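Now for the letters of each chain:
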Amino acid sequence: MTDTQWPVWEVFVQANPGIPHKHVGNVHAADAEMAIQNARDVYTRRSEGISIWVVPANSISASSPEDQGSFFEPSNDKPYRHPTFYKIPEGVKYL
Amino acid sequence: MNFIGIMEDEKKLAAFEAKIASGQKIEPKDWMPEAYRKQLIRMMSQHAHSEIVGMLPEGNWITRAPNLRRKAILLAKVQDEAGHGLYLYSATETLGIDRTELLDQLHTGKAKYSSIFNYPTLTWADIGAIGWLVDGAAIMNQTALARGSYGPYSRAMVRICKEESFHNRQGYEIMMHLAQGTPEQKAMAQDALNRWWWPSIMMLGPSDDQSPNSDQLMRWKVKMESNDAIRQRFIDRTVPQADFIGLSIPDKDLKFNEQTGHYEHGPINWEEFFEVIKGNGPCNAKRLKARNDADKKGRWVRDAAMAYAEKKKAKAA
């Protein structure tokens, strides 16, 4: 058996109730339970969080930076999705 | 590579440099020149190794801390150093190298770590001197690196700097208490300062004339400031702190230059620095052995945890 540093888990921490979990880094761990414990010790030693998610790093798929332009381009030609696209006469309220 | 390939790379390089010049960070999946990746792996892994090797001289005093308060603080500090090592190994792994390989480089002596951790911690006052001087010098370096261009490294630095300021203050507090104590305690603090001062200003790296900063590394924001500039700032900030607690910096040539607003220091013994880097410092062999032993003795734990996790997974399936 080759030496193992254990698989990598990406760590997401929720800092306060009501806000999203945010990616903070990763840890090495043999299983999910150990990953959560390690994440607590590594990323929340100073009350930085109230909840932790861990995800096996190899389960994450990501968009590719090279295609950034063309990938996100479709949203650029639809300015009518933004409220500022519409001209509302002055004097009309609550719109 | 054919002509078109070279043209392509030049275009990518120009885009990469423009991105850095505009203050944007480079992220792991972004295109980067091989030289940038290599230099970062070297710097970041040296940094990670320094954090975990740095646990050894301090760990030496955990069982002998003078009281429970000091012991709890030192334990928390050493745990932080382990955490810093982990953030930095994680950040280094985003460059496409794994931790097993990084640790192998440390254990075989192929990778370096900070020269400072090859000095022994002879008395309790050394723990004060390390927090005050060594962590103080590290903060100077790390606040500069936090502005660097590689996203994961820069973010790790921001986090580490926040934690280091506790280390810095607890060290100064130890020194302050000793300096205000009995004559023997004050002498112990002075002795620690005498032994740690020069290694601390050396750990910021060779002087600029011996280590020409490549324009490229500066332009790529891998290196943010020259070693001498960082060293000067550290000295300017630290000397008044020593004065305040009545300890004297062991440099007879040290004087304040009213015109420049900076302290001028005496000659640094670079021969000693390069000897320590080469492996001939007082504790190099001891540190490397401690790391190798920990790795070997910990192997069965890593294997057993993995086997147990796999068994549990198989049972659940």
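Look up a bit, the structure's there.
Reading the values: the criteria
- Residue positions within a chain follow its written sequence, with the count starting from 1.
- Chains and ligands are labelled by the order in which they are written, letters from A for the one and numbers from 1 for the other.
- Local features are withheld for residues below a pLDDT of 70 in this predicted model, meaning they are given only at 70 or higher, and side-chain atom pairs are given and counted only at 80 or more; totals for whole chains, interfaces and linings count all residues.
- Here the side-chain values reflect all heavy atoms present in the structure, with hydrogen atoms and water set aside.
- Helix and strand assignments follow DSSP, with helices taken as H or I runs no shorter than four residues and strands as E runs no shorter than two, numbered in order from the N terminus.
- Atoms considered for the radius of gyration are the C-alpha atoms alone. The globule rule reads 2.2 Å times the number of residues to the power 0.38.
- The classification of residues rests on relative accessible area computed with a 1.4 Å probe and restricted to protein chains. Under 20% of the type maximum is buried, over 50% is exposed, and intermediate values are partly exposed.
- Any pair of residues with heavy atoms lying within 4.5 Å of one another is described as a contacting pair.
- Accessible surface area values rest on a Shrake-Rupley calculation with a 1.4 Å probe, where residue burial reflects the displayed protein chains alone.
- Neither His nor the chain ends is counted toward charge; the positive residues are Lys and Arg and the negative residues Asp and Glu.
- For the purpose of locating charges, the reference atoms are NZ of Lys, CZ of Arg, CG of Asp and CD of Glu.
- For the purposes of this section, nonpolar cores are sets of buried Ala, Val, Leu, Ile, Met, Phe, Trp, Tyr and Cys residues that join through side-chain atoms within 4.5 Å.
- Buried area counts how much accessible surface, traced with a 1.4 Å probe, disappears from two parts once they are put together, with both parts' losses summed.
- Salt bridges are identified by distance alone: a Lys or Arg side-chain nitrogen within 4 Å of an Asp or Glu carboxyl oxygen.
- Each residue is assigned to one class: nonpolar for Ala, Val, Leu, Ile, Met, Phe, Trp, Tyr, Cys and Pro, charged for Asp, Glu, Lys and Arg, and polar for all the others, Gly among them.
- For a helix, the expected span equals 1.5 Å multiplied by the residue count minus one.
- Strands were regarded as paired on the criterion that DSSP finds at least two bridges between them.
- To obtain each axis, a line is fitted to C-alpha atoms, and for helices this fit is confined to the stretch in contact; angles are then taken between N-to-C directions over 0 to 180 degrees.
- The labels follow the angle: roughly parallel below 35 degrees, roughly antiparallel above 145, roughly perpendicular from 65 to 115, and oblique for the rest.

Things to note about the overall build of chain B
- Scanning chain B from terminus to terminus reveals twelve helices and two strands.
- In chain B, the succession of α and β elements from N to C terminus is α-α-α-α-α-α-α-α-α-α-β-β-α-α.
- Its C-alpha atoms give chain B a radius of gyration of 22 Å, within 12% of the compact-globule value 20 Å for 317 residues.
- When each of the 317 residues of chain B is scored for burial, the buried share is 51%.
- By sequence separation, contacts in chain B at least 24 residues apart represent 76% of the contacts at least 6 residues apart.
- For chain B, the accessible surface area stands at approximately 15500 Å², while carbon and sulfur atoms represent 58% of it.
- Between the centroid of the 44 positive side chains of chain B and the centroid of its 40 negative side chains there is a distance of 7 Å.

A short note on the nonpolar core
- Counting residues in hydrophobic clusters, the biggest one holds 98 residues, and the most contacted among them are B:Tyr36, B:Tyr150, B:Tyr153, B:Met175, B:Trp196, B:Trp197 and B:Phe234.
- Here this core gets twelve residues from one element, more than from any other, and that element is helix H6 (residues 125-145) of chain B.

Concerning the interface of chain B and chain A
- Taken together, the 26 residues of chain B in the interface contact 26 residues of chain A.
- Surface buried jointly by chain B and chain A totals about 2200 Å² across both partners, of which 48% is contributed by carbon and sulfur atoms.
- It is B:Lys29, B:Arg302 and B:Met306 in chain B that bury the most area against chain A; as a group they hold 24% of the surface buried on that side.
- Here chain B and chain A share seven salt bridges between them.
- Two residues, A:Arg46 and B:Asp80, come together in a salt bridge whose shortest N-O distance is 2.4 Å.
- Broken down by secondary-structure element, the contributors of at least two residues to the side of chain B that touches chain A are helix H4 (68-93), helix H5 (99-107), helix H7 (151-179) and helix H12 (284-316) of chain B.
- Of the residues forming the side of chain B that touches chain A, the biggest block, nine residues, is contributed by H12(B).
- Broken down by class, the residue content of the side of chain B that touches chain A amounts to nine nonpolar, five polar and twelve charged.

Here we look at helix H2 (residues 34-53) of chain B
- The end-to-end C-alpha distance of H2(B) is 28 Å, a good match for the 28 Å that 20 residues give at a rise of 1.5 Å each.
- Taken across its 20 residues, H2(B) has 14 buried, putting it largely inside the fold.

Focus on the environment of B:Met140
Residues and elements named next belong to chain B.
- Tracing the backbone shows Met140 in helix H6.
- A residue is classified by how much of its surface remains accessible, and Met140, at 9% relative accessible area, is buried.
- Considering only alpha carbons, one finds Met140 and Ile230, 90 residues apart in sequence, at a separation of 6.3 Å.
- Not counting the four nearest positions on each side in its chain, Met140 is found in contact with Ile230, Arg233, Phe234 and Arg237.

Quick notes on the pairing of strand E1 (residues 8-14) of chain A
Residues and elements named next belong to chain A.
- Summarising burial for E1: six of the seven residues are buried, a large majority.
- Where E1 and strand E2 (residues 22-28) come together, six bridges link them in antiparallel fashion. Paired with Val13 across the two strands is Lys22, which belongs to E2.
- As defined by bridge partners, E1 adjoins strand E3 (residues 51-56) across six bridges and the pair is classed as antiparallel.

Considering the pattern of salt bridges
- The tally for this structure, following the rule as stated, stands at 30 salt bridges over all chains.
- Among the salt bridges present, the one from B:Asp30 reaches B:Lys19, with a minimum N-O distance of 3.0 Å. Of this pair, B:Asp30 sits in the loop between helix H1 (3-21) and H2 while B:Lys19 is found in helix H1, placing the two residues eleven residues apart along the sequence.
- Taking the shortest distance from any N to any O, the salt bridge between B:Arg195 and B:Asp126 comes out at 2.7 Å. One end of the pair, B:Arg195, is in helix H8 (residues 183-202); the other, B:Asp126, is in helix H6, and 69 residues separate them in sequence.
- Here B:Arg195 falls in the partly exposed class, since its relative accessible area comes to 25%.
- Taken together, the shared-partner salt bridges connect A:Arg45, A:Arg46, B:Asp80 and B:Glu163 into one network.

A short note on the packing of helix H1 (residues 32-43) of chain A against H4(B)
- At their nearest, the axes of H1(A) and H4(B) sit 9 Å apart, and the two run at 110 degrees to each other. Considering the angle they form, H1(A) stands roughly perpendicular to H4(B). Only B:Gln79, B:Leu86, B:Tyr87 and B:Ser90 of H4(B) make contact with H1(A), whose side of the interface consists of A:Asp41, A:Val42 and A:Tyr43.
- Within the contact of H1(A) with H4(B), the residues separate by chemical class into four nonpolar, two polar and one charged.

Structural notes on the environment of B:Val134
- Residue placement: B:Val134 occurs in helix H6.
- Residues in contact with B:Val134, not counting those within four places in the same chain, are B:Ile116, B:Phe117, B:Ala129, B:Trp196, B:Ser200 and B:Met203.

Digging into the sheet that holds E3(A)
All names here are of chain A.
- As summarised here, the arrangement of the three strands in space is E2-E1-E3, forming an open sheet in which the pairing is antiparallel. In this open sheet, the two strands that pair with only one neighbour each are E2 and E3. Averaged over neighbouring strand pairs, the angle between their axes works out to 30 degrees when direction is ignored.
- Together, E1, E2 and E3 form the strand contacts of H1, whose direction differs from that of E2 by roughly 115 degrees.

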